[in-house]
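Structure at a glance
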Amino acid sequence: MDTKGRLVAGSHNRNEFVLINADEIGRVTSVKELSGQICQICGDEIEITVDGEPFVACNECAFPVCRPCYEYERREGNQACPQCKTRYKRIKGSPRVEGDEEEDDIDDLENEFDFRSNYSRDPHQVAEAMLSAHLNIGSHAHTSGISTPLDLDSSSVPSGIPLLTYGQDDVGISSDKHALIIPPFMGRGKRVHPMPFPDSSMSLPPRPMDPKKDLAVYGYGSVAWKDRMEEWKKKQNDKLQVVKHQGGNDGGNFDEDELDDPDLPKMDEGRQPLSRKIPIPSSKINPYRIIIILRLVILGFFFHYRILHPVNDAYALWLTSVICEIWFAVSWILDQFPKWYPIERETYLDRLSLRYEKEGKPSELADIDIFVSTVDPMKEPPLITANTVLSILAVDYPVEKVACYVSDDGAAMLTFEALSETSEFSRRWVPFCKKFSIEPRAPEWYFAQKVDYLKDKVHPEFVRERRAMKREYEEFKIRINALVSMAQKVPEEGWTMQDGTPWPGNNVRDHPGMIQVFLGHNGVRDVEGNELPRLVYVSREKRPGFDHHKKAGAMNALMRVSAIISNAPYLLNVDCDHYINNSKALREAMCFMMDPTSGKKICYVQFPQRFDGIDRNDRYSNRNVVFFDINMKGLDGIQGPIYVGTGCVFRRQALYGYDAPVNKKPPGKTCNCWPKWCCLCCGSRKKNKKVKSTDKKKKMKNRKLQSKYMHSKILKRELKVRVALKEIWVLFLYMQLLFTFASSLDISRIDNDRSLLMPQVKFEKKFGQSPVFIASTLLEEGGVPKGATTASLLKEAIHVISCGYEDKTEWGKEVGWIYGSVTEDILTGFKMQCHGWRSVYCIPKRPAFKGSAPINLSDRLHQVLRWALGSVEIFFSRYCPIWYGYGGGLKWLERFSYINSVVYPWTSIPLIAYCTLPAFCLLTGKFIVPEISNYASIIFMALFISIAATGVLEMQWGRVAIDDWWRNEQFWVIGGASSHLFALFQGLLKVLAGVNTNFTVTSKGGDDGEFSELYLFKWTSLLIPPLTLLILNIIGVMVGISDAINNGYEEWGPLFGKLFFALWVIVHLYPFLKGLMGKQDRLPTIIVVWSILLASIFSLLWVRVNPFVSKGGIVLEVCGLDCD
């Protein structure tokens, strides 16, 4: 889509459509007319005839139409040229239709009644051709002559194992012993528009084989046949090596026919799956499952003892502890059992290239639209967003199949200008990355990595070009920093663009929609003259009084805009601070999505989140390794991981709310579990007999039909195409009535065709009133109308990002990102899996994406608060997994995981209560457990051992280090005692009182030195609950120890359990205490802590144990003096 590099802004509701920064040359014009070598209906190349001339359908005006569209128009249309309306005449090589005149000068009997090549096209391509014809021709598009095809006939003869002869005689076999003789042109029907062969006029009737004769009579099994088979296998192996080593041939010459063989994808390695599951070894997973079962049994004995042995003198403490322990046990079950089937996966990128990328042919990899979302450039620095965009533009994927859409939900001119600078810098950065295959392809992180950048580099120009590129990147950073500095002070009249036009987004809450195509339009290439991926800036319309649904609404707007502009079948969504760290990440995802065996049921491929800039000890568990390397692997073995908001590749059709394809079970396999004499199977046997009888009748009918038609494949393809074209016909008729030129429509025709328009009303209620967008939703393989005018597409793009477009539709309810929670990611993934889809977890050896995490304690707690608040909102919504989605395709263990993801904030209440119990026990001298017997001690020891064993085995099969596991345990207590509790209160206020909380964007990055923000102390109310718990338990420890010292050794036995309980809380809150202490340059924190602790203990002991007072108190004796 060519906008001449101008910004397009407008509002559908206000009927505004403006091209900003435009002059007479840069105004919106139609796309330039295509050359005569391109079909104006479907956009395919027009083939060359046997005479070496381009195919011409109309001799009057020479309107460019390819042969398949010409034959389809003659057979199913009004048989006239779309431009001059002259009736088409039959051309040699095309079948005859009713109404053709007798032609004495054409000798073409073999093709005159041949329908073999008809309808070899995909039904989705037919829809695309119809839509494209409408957009190109406008009001001149014909409608009266198009009818639903009723009689379709097509076939193709596959060329599996090569036949013995192809028309030529073999010297070793006599002429009467040749096998089936099939003309060469019958086995090459893989192209949508197959090119005719020079000898296509040759007609060689196949010779039937007599089944009673031996195969050797026909040549099979003979020495010549075996030699020919060995020769064929050798040829296939040679072709395989050619494809494997493509690009490294250094000018080697290969046979063109050899690389163009249609059997190439059918070779052994080409047929193999693109990925595989790697189960956890039984030596690791079986003990893990045994420990889980034992832990369940031990929990049963534990609660049996706890409930039957109350503490009468501390009943309130005992009852509180039992309730908390029961809640912890339920939470553990919800978290533990989804990890019952952990798996890992491995991809084969070489097989993906072998299957979809053949030398000398265009890449067949699927298109991908990449979404980058940003809001506030002050909290999300433009330099970080620019690095993310640059890593996307330089990804190792065909450039014509990548489109990057940047959503600026803050309508900031700073983001717009930074993106403009980024697009200019990418013209030098992208060819540098691809020339030297550098990793990562985000310049900030590439130049900052502390590794030997000369490793594996052999190009002599690398050092010189790297230095020049680093200098250019530093200049690019200076320009970005200058923009940020300029944006600090906003002019009173608002920002203006270079041509003096006011910036449309000066009012953040009231501005029109804006679209700018920076890259991907005509004339913009890199410094080496190569094409660049498409880069589009999008800022959706915002008006007062509308609910814009935050990030979820922005993502849905991007999905609609991308469907109009590029309509890729797959989407990748990343945050502005998550750059592509592995340039082959998209290929990793396509190994799952494009797998012909299992890819159709996959709704998204989730990558783990990895982070840069985190301190070595990961004090606040920012990496979240336990979740990404243990929990997500367990979910991948059930129905797939949950969607975590970034680093995820989606199937567009799944986001549209469609159900997953259902695999039909083979008949006769439902009753194999019972023996034949079982009476339970009688009914099913009778049904099977009926099915068999009906199958016999069907077979007889099929045989009759096969005798009528030459091949059975004609029937299958006929049914598919017929159904698809009937559905497309309804859509096409609607679009003819309602699209661009509605003013010239006949109202009576709309009324007459209301029965046909009824299905379209459902589409409007689901997707909104955009015919172009609705048409794009039906194209499962994606694609947009070729040759459509820029003005029409831009008008639709502005329409679909208008603030009122989603009113009275299913957007946010059943379609796209789901509304109702600040954590839209959990809801969106949950809805898709309820439709029967499954997801996949992909962990490449090199991390696919990397981002920045808030390493400051306060920012980290605010981030966890937002996640927990989203879970609370889901808990009180209609989409809560406890009661929503039954009867769909969601598996029970997967549901356990979703339930756990929405109920975990409620754990904050029993957690805080349980963490205060040690302090109360130490201060009051009571305990939650009565005097422990030998039986009770065995149960407690067994429970602690099972908990430890579970953690050790998880770390073993998940390959998680013990310090990462321990940091996760610590922050579970810190976050549960602070962020989760506040999220629970805020969620209750929102549901019960309607009090909304503002969404806080987490600050990204820091430029004040390595880990500078780690020691930055920011006071927030989230620090109060854990600080209170810490102080209470420290005071309790001091009081308990001083009391034991004062009362003698009898008190040390009961004190041991209380001290262990309190120290467990203090140790878990230790990172929180370090965050409060800030940076200590000279004195370690641990010394400060122990100093305060010991000083307090000795002070209390000094007060409690007074050496100047007798232990028995003051002794009064009778004075010897007589005072009287």
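On a predicted model such as this, the values are computed, not experimentally measured, just so you know.

1. Let's talk about the environment of Y348
Note on placement: Y348 falls in the loop between β4 (343-347) and α9 (349-356). Since its relative accessible area comes to 18%, Y348 is described here as buried. Between the C-alpha atom of Y348 and that of C591, which follows or precedes it by 243 residues, the distance is 7.0 Å. Every residue in contact with Y348, bar those within four places of it in the chain, is listed here: P273, L274, S275, R276 and C591.

2. Concerning the sheet that holds strand β15 (residues 849-852)
The strand order across the open sheet formed by three strands is β10-β15-β12, and the pairing between neighbours is mixed. A strand with exactly one partner marks an edge of an open sheet, and here the two such strands are β10 (579-580) and β12 (610-612). Note that β10 and β15 share two bridges and pair antiparallel. The partner of I580 across the bridge, within β15, is F849.

3. Focus on unusual backbone geometry
Of the consecutive residues E439 and P440, the connecting peptide bond is found in the cis state with omega at -10 degrees. The backbone of K85 shows a phi angle near 65 degrees, a positive value even though the residue is not glycine. With respect to the helices and strands, K85 occurs in the loop between α1 (67-76) and α2 (109-112). Its identity is not glycine, yet N567 carries a phi of approximately 55 degrees, on the positive side.

4. So, the pattern of salt bridges
The tally for this structure, following the rule as stated, stands at 35 salt bridges. It is possible to trace a salt-bridge network through shared partners that takes in E357, D396, K584 and R587.

5. Description of a nonpolar patch on the surface
Together, I293, L296, V297, F301 and Y935 make up an exposed nonpolar region whose accessible area comes to about 430 Å². With four residues, helix α7 (residues 282-308) is the largest single contributor of residues to the nonpolar patch. Mapped onto the secondary structure, I293 falls in helix α7.

6. Some details on the packing of helix α27 (residues 908-924) against helix α30 (residues 979-993)
Think of two packed helices as two axes; the pair is described by the angle between the axes and how far apart they sit. Remark: α27 packs on α30, axes separated minimally by 9 Å, with the N-to-C direction vectors making an angle of 135 degrees. The angle between the axes of α27 and α30 places the two elements in the oblique class. The interaxial crossing formed by α27 with α30 has left-handed handedness. For the pair α27 and α30, contact is made by S908, I909 and I912 and by H980, L981 and L984, respectively. Of the residues in the contact of α27 with α30, the class split is four nonpolar, two polar and no charged.

7. What to know about helix α31 (residues 1024-1047)
Along an α-helix, residues three or four positions apart point the same way, because every turn accommodates 3.6 residues. Over its 24 residues, α31 extends 34 Å from the first C-alpha to the last, a length consistent with the 34 Å expected when each residue adds 1.5 Å. P1025, P1026, L1029, L1030, N1033, G1036, V1037, M1038, G1040, I1041, S1042 and A1044 are the residues of α31 that are buried.

8. Some details on the confidence of the model for the protein chain
For the protein chain, the average pLDDT comes to 75, and 66% of its residues sit at 70 or higher. Contacts from residues 113-123, a stretch scored under 50 in pLDDT, to residues over four places away or in other chains number 37 contacts. The model gives residues 242-267 a pLDDT under 50, and that stretch makes 39 contacts with residues more than four places away or in other chains.

9. Section: the nonpolar core
Counting residues in each nonpolar core, the largest one holds 73 residues, and the members touching the most others are W429, L535, M590 and V605. A per-element tally of this core places helix α11 (residues 413-436) first, with eleven residues. The contacts of W429, once residues within four sequence positions are left out, are L390, A394, I438, R441, A442, P443, Y446, F447 and M469. Counting residues in hydrophobic clusters, the runner-up holds 70 residues, among them I285, V864, L953 and L1069.

10. Description of helix α14 (residues 550-565)
With 16 residues, α14 should reach 22 Å at 1.5 Å per residue; the first-to-last C-alpha distance of 23 Å fits that figure. Across the 16 residues that make up α14, a large majority, 14, are buried. After α14 finishes, the residue N567 shows a positive phi value of roughly 55 degrees.

11. Topic: the packing of aromatic side chains
Considering all chains together, one arrives at 50 aromatic pairs under this definition. Note on F650 and W817: the rings are 5.4 Å apart at their centroids and 70 degrees apart in plane angle, and the pair reads as edge-to-face. Taken together, the positions of F650 in strand β13 (residues 648-651) and W817 in the loop between α23 (790-800) and α24 (824-834) put the pair 167 residues apart, joining distant regions of the chain. Neither F650 nor W817 differs from the other in exposure class; each is buried. Between the aromatic rings of F944 and F1060, the centroid separation amounts to 6.3 Å while the plane-to-plane angle is 65 degrees, which identifies the pairing as edge-to-face. One end of the pair, F944, is in helix α28 (residues 934-958); the other, F1060, is in helix α32 (residues 1052-1068), with 116 residues separating them in the sequence. Under the relative-accessibility criterion, F944 is labelled partly exposed at 48%. Following the ring pairs from residue to residue traces out a cluster consisting of F425, W429, F432, F436, Y446, F447, F462, Y473 and F476.

Rules and cut-offs
Residues numbered from 1 in each chain as written. Predicted model: local features only at pLDDT ≥ 70, side-chain atom pairs only at ≥ 80, totals over all residues. Heavy atoms only, no water. Helix = DSSP H or I, 4+ residues; strand = E, 2+ residues; numbered from the N terminus. Buried < 20%, exposed > 50% of the residue type's maximum accessible area, 1.4 Å probe, protein only. Contact = heavy atoms within 4.5 Å. Pairing = 2+ DSSP bridges. Salt bridge = Lys/Arg side-chain N within 4 Å of Asp/Glu carboxyl O. Patch = residues over 30% accessible without salt bridge, like charges linked within 9 Å, V, L, I, M, F, W, Y side chains within 5 Å. Areas by Shrake-Rupley, 256 points an atom, 1.4 Å probe, with all protein chains shown as cover. Axes fitted to C-alpha atoms, helices over the stretch in contact; angles between N-to-C directions. Parallel < 35°, antiparallel > 145°, perpendicular 65-115°, else oblique. Left-handed = near helix turned anticlockwise from the far one by under 90°. Nonpolar A, V, L, I, M, F, W, Y, C, P; charged D, E, K, R; others polar. Expected span 1.5 Å × (residues − 1). pLDDT = per-residue confidence, 0-100. Core = buried A, V, L, I, M, F, W, Y, C linked by side-chain atoms within 4.5 Å. Phe/Tyr/Trp six-rings, centres within 6.5 Å; stacked < 30°, edge-to-face > 60°.

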